[in-house]
Protein chains: 2
Amino acid sequence: MSPSKLSMSPVNGTELVAVNDSVVPVRRVTKQAPHPLVMIPGPVEFTDEVLDAMKTPPQAHTGPAFTKTFSEVLRKVRLVFGNEKTAGGQGIVVSGSGTLGWDFAGANLITKPDSDKVLCVSTGFFSDGMIECLSNFVADENKQITVLEAAVGETVPLHDIKTQLQKDNYRLIALTQTDTSTGVLTDIKAVAELVKQVSPETLIVVDAVCSAGVEEIQFDNWGLDFVLTASQKAMSTPAGLSIMMASQRAIDHALSVKHKKPVYCSFNKWLPIMANYEANKPSYFATPSVQLVTAFNVSLNQILGSDPIVDPATKIPKSLLHRFAVHKNVARSLRQDLLQPQFGLRPVCNNIDDCCNGMTALYVPDDVKVPDVLAYVSKNFDISLAGGIHPKIASKYIRIGHMGISVTGQSAADVKRTAAAVKLALQAVSPKAKL
Amino acid sequence: MSPSKLSMSPVNGTELVAVNDSVVPVRRVTKQAPHPLVMIPGPVEFTDEVLDAMKTPPQAHTGPAFTKTFSEVLRKVRLVFGNEKTAGGQGIVVSGSGTLGWDFAGANLITKPDSDKVLCVSTGFFSDGMIECLSNFVADENKQITVLEAAVGETVPLHDIKTQLQKDNYRLIALTQTDTSTGVLTDIKAVAELVKQVSPETLIVVDAVCSAGVEEIQFDNWGLDFVLTASQKAMSTPAGLSIMMASQRAIDHALSVKHKKPVYCSFNKWLPIMANYEANKPSYFATPSVQLVTAFNVSLNQILGSDPIVDPATKIPKSLLHRFAVHKNVARSLRQDLLQPQFGLRPVCNNIDDCCNGMTALYVPDDVKVPDVLAYVSKNFDISLAGGIHPKIASKYIRIGHMGISVTGQSAADVKRTAAAVKLALQAVSPKAKL
């Protein structure tokens, strides 16, 4: 059952290869050890250069080489989020996962645990995770946490958010830009505009774990206060870094009140460290991961280019705006391909305008079992895909990640190969499919 | 000023090399990119195999390859701490630093924030960091946190600990095995025996960041409840992993009370995940770092051997007991060498029996400036050493790390080279030294 390596002539810029009786796009060529093509919604495939940086020899974490690296990273983190240093705020990069960013938000921004109120907008499993996390930072979650929950595959209507904001004074609003369980994209710009109109004192917190580097985030222009992401998705670096951006307003608010919080997610502990490293001065609170931060720097250079030109309107580097456009095009093509009616797939995200650009969640036909699809693409095409994770629909859908070098490299060969594999899998495992 | 590469004949198993006018041991040979020899108390030098594992290509974090790796790691973490699965408890490995382990201890073991009392034994800067951390998990640290603080370079007398334990009911006692700011080793076995006699209900928490893998830890035999360490010291893996071992008693206690805690350091969240991975079943809460965990597995195999034989008395693998002995011998030799009176160095650790085996803190002579010593060994021998960090004496001493492959590899050539470099530095920068 192993694929034939016979290369075919290119079609639309993509080399083809024969696998058993079928012809599918060949995967992106790398210098990496042979491994299944990872097309889950993170971790993603990495470039050779990023992986090479993972084996950076040891460096003293307060020595000049690493200090320079970390300084570069922290300056580029601002660019990723659309923040200018003159606007204040601080990028934060610590060992951890995206989840840790939720604790940072709760521990630092909820300064009055007995009275602060939080408005949560849920579009799926990960939004719910953030809500559960934030609930731990208030005394009475029944009184202090309000949840606006979208139906599966839907967004929460702006009108509902507006109505709720008018009803009470919220210390913060928590949003998930892309919920990785549904592929639903929340319109952060629109919600932020609403908050500024109706409740300008409310801090805006955005989970961008599956969106930073794929979807537009204009941190300064939209007036966001805390955005969190992780290294292993569109930041295209191995997992292990929690990456955050805090506004000056969020920092001033957090530091204005002395309240107890865990040290590992404390602004008080980390902000001076980050400010120092950014200014090329070593500083110590907890030992950073030299190798992960160095690999992240290589990835940021690849994402932003060596000397990025910032678009004055969005405050986002033009290279990153281009990256967004490429991801959008590839996501659209993938959906157009897989949603052809004969395959029987349906998007979990109900409205095409709400679909995110870094992953796709698809219901399989009723007579198809998700594990059969995943096993088929794994066994026959050596591709790792993900099953469902939203508890209401978990067994009914698959998830395909399309972020980073698999999208931007070699005419998105990895994505095209994945689409072909999914279609062949459906043909093979579905008794009813008329393909 | 670059060292001559002319190799000399070996002395005591160590190759010598001419550097300017001096002859010093040649550093350990590696396949790694040229880099300063890192002899700080963590991060340490890594083996080529561990660094190679850092560039493991992407793997799905719930796929079979990574699940097997993580299962192996979690089983070996028990061995590192002297725990048998039949005794219960759970190893925990998450993205983070050693510091995160303090939050785990506070968040999970202090279940009654309004009344639980904590006895803290301080032997330096890092003990004080843990105390500050734990203070955030009690309502009134003045009433609930008791600190027994040793004079700089001393341990806290057992008698003082006993007296304090008899005065009050402590939920937990917090100890630092090696305080990296002083090099003072606390006798965990003796304190644990005392706790079992005087206050058996008190949970025993040990910071082993700079000791696990160097100093003996008999988790089961000594009745420890929570031991925390990090990847970048004697675990000999790049920074980025927080590594912990919780006793069954600690787990039962933590889970017996429903109390609010940050999700990222919650036993409730992580324990089922760790138990599943250990049983070779994938499980998801937050994305683990495939590359760091894989590198840690390689390091554990090198530390423990491929099929470790556990010593029945200590429950520690014989390979690890041998590693402790090697570290002790090298540490003793280094101290004997550097503490020869003509160099004017004095140990920060006052009593030779209290000195740890993974690092050495040394006061420089009064007429010598620490930055001059560090700069000299950096410039002339390409070795990174650390300055002081204990606030009371920070400017007066240097710290040398001696953990991992620099100790166990090639007759400890790295350590011998470092000792030679320090002696030559003192000769060069001290106007009074009669060498």
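Here the residue index of a chain counts from 1 through its sequence in written order. Chain A is the first chain written and ligand 1 is the first ligand written, with later ones labelled in order. Only residues with pLDDT of at least 70 are given local features in this predicted model, and only at 80 or more are side-chain atom pairs given and counted; all residues enter the totals for whole chains, interfaces and linings. Only hydrogens and water are set aside when side-chain values are computed; all heavy atoms of the structure are taken into account.

(A) Quick look at helix 2 (residues 64-81) of chain B. The numbering of helices and of strands both runs from the N terminus, where a helix is a DSSP run of H or I of at least 4 residues and a strand a run of E of at least 2. One fewer than the residue count of a helix, multiplied by 1.5 Å, yields its expected span. Here helix 2 of chain B spans 26 Å end to end across 18 residues, near enough to the 26 Å set by a 1.5 Å rise per residue. Backbone geometry just downstream of helix 2 of chain B places B:G82 in the positive-phi region, at approximately 80 degrees.

(B) Seen up close, the relation of the copies chain B and chain A. In this comparison the copies share one frame, found by least squares on the C-alpha atoms of residues holding pLDDT of at least 70 in both. With an axial shift of 0.0 Å and an RMSD of 0.0 Å, the rotation relating chain B to chain A amounts to 180 degrees. Seen this way, the second copy is the image of the first under a two-fold rotation axis. When C-alpha distances to the rotation axis are compared across chain B, the minimum falls at B:G96, with a value of 2.4 Å. Contacts: residue pairs with any heavy atoms within 4.5 Å of one another. A shared interface surface links the copies, since 100% of the contact residues of chain B are contact residues in chain A too.

(C) Region of the structure containing the environment of A:G404. All names here are of chain A. Note that G404 resides in the loop between strand 20 (397-401) and helix 14 (405-408). Each residue gets one of three labels from its accessible area relative to the maximum for its type: buried under 20%, exposed over 50%, partly exposed in between, using a 1.4 Å probe on protein chains only. Judged by relative accessible area, which is 1%, G404 ranks as buried. A C-alpha to C-alpha distance of 8.8 Å links G404 and T47, two positions 357 residues apart in sequence. Non-local contacts of G404, meaning those with residues more than four positions away in its chain, are made with S236, R323 and H327.

(D) Spatial organisation of the sheet that holds strand 15 (residues 346-347) of chain B. All names here are of chain B. The pairing criterion is simple: DSSP has to find at least two bridges between the two strands. An order of 15-16-19-18 is seen for the 4 strands of this open sheet, with the pairing classed as antiparallel. With partners counted over all chains shown, the strands left at the sheet margins are strand 15 and strand 18 (386-387), one partner each. Inspection of the sheet shows strand 16 (residues 359-363) paired to strand 19 (residues 397-401) by 5 bridges, in the antiparallel sense. Looking across to strand 19, one finds that M359 is bridged to G401.

(E) Region of interest: the pattern of salt bridges. Residue and element names in this part refer to chain A. Here, a salt bridge means any Lys or Arg side-chain nitrogen found within 4 Å of an Asp or Glu carboxyl oxygen. The final tally for this structure, using the stated rule, is 26 salt bridges over all chains. With a closest N to O distance of 3.4 Å, D414 and R28 form a salt bridge. Placement of the pair is D414 in helix 15 (residues 413-429) and R28 in the loop between strand 3 (22-25) and strand 4 (37-38), with a sequence separation of 386 residues. The exposure classification of D414 matches that of R28, with both residues buried. Note that E84 and K315 form a salt bridge whose closest N and O atoms lie 3.7 Å from each other. Pair noted here: E84 is in the loop between helix 2 (64-81) and strand 5 (90-95) and K315 is in the loop between strand 14 (310-311) and strand 15 (316-317), with a separation of 231 residues, a long-range link. Here the residues in one salt-bridge network are R28, E45 and D414, joined through shared partners.

(F) Structural context of the sheet that holds strand 13 (residues 241-246) of chain A. All names here are of chain A. Strand order in the open sheet made by the 7 strands is 5-13-12-11-8-6-7, with mixed pairing throughout. Where the open sheet ends on each side, the last strands, each with one partner, are strand 5 and strand 7 (145-149). Across the sheet, the mean angle from the axis of one strand to that of its neighbour is 15 degrees, orientation sign disregarded. When strand 6 (residues 118-122) meets strand 8 (residues 172-176), the two strands line up parallel, connected through 3 bridges. In the sheet register, L119 faces strand 8, and the bridge partner there is I173. The sheet strands contacting helix 9 (residues 248-256) are strand 5, strand 11 (203-207) and strand 13, and the helix crosses strand 11 at an angle near 110 degrees. Geometry is summarised by axes, namely lines fitted to C-alpha atoms with helices restricted to the contacting stretch, and by angles between N-to-C directions that run from 0 to 180 degrees.

(G) Highlighting the packing of aromatic side chains. All names here are of chain A. Ring pairs shown here join Phe, Tyr and Trp side chains whose ring centres sit within 6.5 Å, with only the six-membered ring taken for Trp; geometry is labelled stacked below 30 degrees between planes, edge-to-face above 60, and tilted in between. Applying the stated rule across the entire model yields 20 aromatic pairs over all chains. Here F66 and F70 contribute two aromatic rings whose centre-to-centre distance is 5.4 Å and whose plane-to-plane angle is 40 degrees, an arrangement assigned as tilted. Note that F66 and F70 are positioned in helix 2 at a spacing of 4 residues, about one turn of the helix. Take F66 and F70: they sit in the same class, and that class is buried. Connected via pairs of aromatic rings, a cluster forms that spans F66, F70 and Y277. Positioned above the aromatic ring of F126 is the side chain of K233, whose terminal nitrogen or guanidinium carbon lies 6.0 Å from the ring centre. Lysine and arginine charges are scored as sitting over a ring when NZ or CZ, respectively, is within 6 Å of the ring centre and within 35 degrees of the ring normal.

(H) Molecular detail of the pairing of strand 13 of chain A. All names here are of chain A. Most of strand 13 is tucked away, with 6 of its 6 residues classed as buried. Here strand 13 shows two buried faces, one formed by L241, I243 and M245 and the other by S242, M244 and A246. Across 6 bridges, the pairing between strand 5 and strand 13 is antiparallel. Paired with Q90 across the strands is A246, a residue of strand 13. Direction of pairing for strand 12 (residues 226-230) relative to strand 13: antiparallel, over a ladder of 5 bridges.

(I) Spatial organisation of helix 7 (residues 188-198) of chain A. Among the residues of helix 7 of chain A, A:I188, A:A190, A:V191, A:A192, A:L194 and A:V195 are the ones counted as buried. The elements touched by buried residues of helix 7 of chain A are helix 6 (158-167), strand 8, strand 11 and helix 8 (219-222) of chain A.

(J) The arrangement of the environment of A:T123 in detail. Residue and element names in this part refer to chain A. Checked against the element boundaries, T123 lands in the loop between strand 6 and helix 4 (125-135). By relative accessible area, T123 is classed as buried at 4%. Between the alpha carbons of T123 and K396 there is a distance of 18 Å; along the sequence they are 273 residues apart. Once residues lying within four places of it in the same chain are set aside, the contact partners of T123 are A150, E154, T155, T176, D179, T182, V184 and T186.

(K) Structural view of the interface of chain B and chain A. Counting residues at the interface gives 59 residues for chain B and 59 residues for chain A. Across the chain B/chain A interface, buried area totals approximately 4200 Å², and carbon plus sulfur atoms make up 66% of it. For the pair chain B and chain A, the interface holds 6 salt bridges. Where A:K269 meets B:E132, a salt bridge forms, and the shortest distance between an N and an O atom there is 2.9 Å. Throughout this description, a polar contact denotes any pair of N or O atoms lying within 3.5 Å of each other; where both atoms belong to protein, one of them has to be capable of donating a hydrogen while the other can accept it, and for residues adjacent in sequence the pair is counted only when both atoms sit in side chains. Our enumeration of links across chain B and chain A arrives at 22 residue pairs in polar contact (both at pLDDT 80 or more). Buried area is understood as the total, over both parts, of accessible area removed when two parts are fitted together, assessed with a 1.4 Å probe.

(L) The pairing of strand 5 of chain A, seen in detail. By the criterion of burial, strand 5 of chain A is predominantly enclosed, with 6 of the 6 residues buried. Alternating positions in strand 5 of chain A separate into two faces, A:Q90, A:I92 and A:V94 on one and A:G91, A:V93 and A:S95 on the other, with burial throughout.

(M) Spotlight on the side chain of A:D179. All names here are of chain A. Mapped onto the elements, D179 comes out in strand 9 (residues 178-179). For the purpose of counting charges, residues Lys and Arg are taken to be positive, whereas Asp and Glu are taken to be negative. His and the chain ends are not included. Buried within the structure, D179 lacks any salt-bridge partner; its nearest side chain of opposite charge belongs to R399, at an N-O separation of 7.2 Å. In this structure the side chain of D179 is engaged in a polar contact, spanning 3.2 Å, whose partner is the backbone nitrogen of F126. A polar side-chain atom of D179 sits 2.9 Å from a polar atom in the side chain of S127. Not counting residues within four places of it along the chain, the set of residues in contact with D179 comprises T123, G124, F125, F126, S127, V184 and M359.

(N) Region of the structure containing unusual backbone geometry. A cis geometry characterises the amide bond from A:G42 onward to A:P43, with omega recorded as 0 degrees. The residue A:P43 is located in the loop between strand 4 and helix 1 (48-54) in this model. Residue B:K315 is not a glycine yet carries a positive backbone phi of 65 degrees.

(O) Representation of the domain arrangement of chain A in the model. Residues and elements named next belong to chain A. Domain extents, as shown, originate in an automatic or database domain assignment. Entries for chain A in the domain assignment read domain 1 (16-48 + 317-429) and domain 2 (51-304). Here domain 1 and domain 2 have C-alpha centroids that lie 27 Å from each other. With 36 residues of domain 1 at the contact, the number on the domain 2 side is 34 residues. Together, the buried faces of domain 1 and domain 2 total about 2900 Å²; carbon and sulfur atoms form 59% of this surface.

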